[in-house]
Amino acid sequence: MDCIFCKIIEGSIPSAKVYESENVIAFKDIQPAAPVHILIIPKKHIPTMNDVTEEDGPVIAEVFAAAREIAQQLGIAESGYRLINNVNSDGGQVVYHLHIHLLGGEKLGALVGNSVS
């Protein structure tokens, strides 16, 4: 499989990890769109949100729980943050491994015109 996120999970591509559990990993985005820009991904390869099944429900819940925990650890939970999931090409998805962008660390503007993939 030629998935960059799967390679990060297996450790063959380095990342600046900020969180890891049995089912979820999170690391700093290499092209941040905000002072805090973390990618949170399930370790299971799920190409898009459209591919999530009922059996994936617990891992998706864990992704969102990780987002909450990371925001608290990074000190942005109270001031606020944004979670984004891009789906397919019109939605701006570039890497076809389900991921959530956690953005924060400043007052975030409108999404129109922002480039977050």
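As a reminder, the structure under discussion sits directly above these lines.
Residues numbered from 1 in each chain as written. Predicted model: local features only at pLDDT ≥ 70, side-chain atom pairs only at ≥ 80, totals over all residues. Heavy atoms only, no water.

**A short note on the pairing of strand 2 (residues 24-28)**
For clarity, the cut-off: For each residue, the accessible area found with a 1.4 Å probe, counting protein chains only, is set against the maximum for its type, and the residue is called buried under 20%, exposed over 50%, and partly exposed in between. Put simply, DSSP marks the helices as runs of H or I at least four residues long and the strands as runs of E at least two long, and each gets a number from the N terminus on. Pairing between two strands requires that DSSP report at least two bridges joining them.
For strand 2, the tally of buried residues reaches 4 of 5 residues, placing the bulk of the element in the interior. Strand direction decides the pairing type here: strand 1 (residues 17-20) and strand 2, joined by 3 bridges, are antiparallel. Pairing of lysine 17 across the sheet is with phenylalanine 27, part of strand 2. Between strand 1 and strand 2, which follow one another and run antiparallel, lie 3 residues. In terms of strand pairing, strand 2 meets strand 3 (residues 36-42) through 5 bridges, oriented antiparallel. Across the sheet, residue lysine 28 finds its bridge partner in strand 3, namely isoleucine 38.

**A word on the nonpolar core**
We count it as follows: To qualify as a nonpolar core, a set must consist of buried Ala, Val, Leu, Ile, Met, Phe, Trp, Tyr and Cys residues joined through side-chain atoms within 4.5 Å. Here, residues are in contact when the closest pair of their heavy atoms is within 4.5 Å.
Counting residues in each nonpolar core, the largest one holds 18 residues, and the members touching the most others are Val24, Ile38, Ile40, Ile70 and Leu102. Elements with a contribution of two residues or more to this core: strand 2, strand 3, helix 2 (57-73) and strand 5 (100-104). In contact with leucine 102, not counting residues within four places along its chain, are Val36, His37, Ile38, Ile40, Ala67, Ile70, Ala71, Ile76, Tyr81, Arg82 and Leu83. Counting residues in hydrophobic clusters, the runner-up holds 9 residues, among them Cys6, Leu39, Ile41 and Val95.

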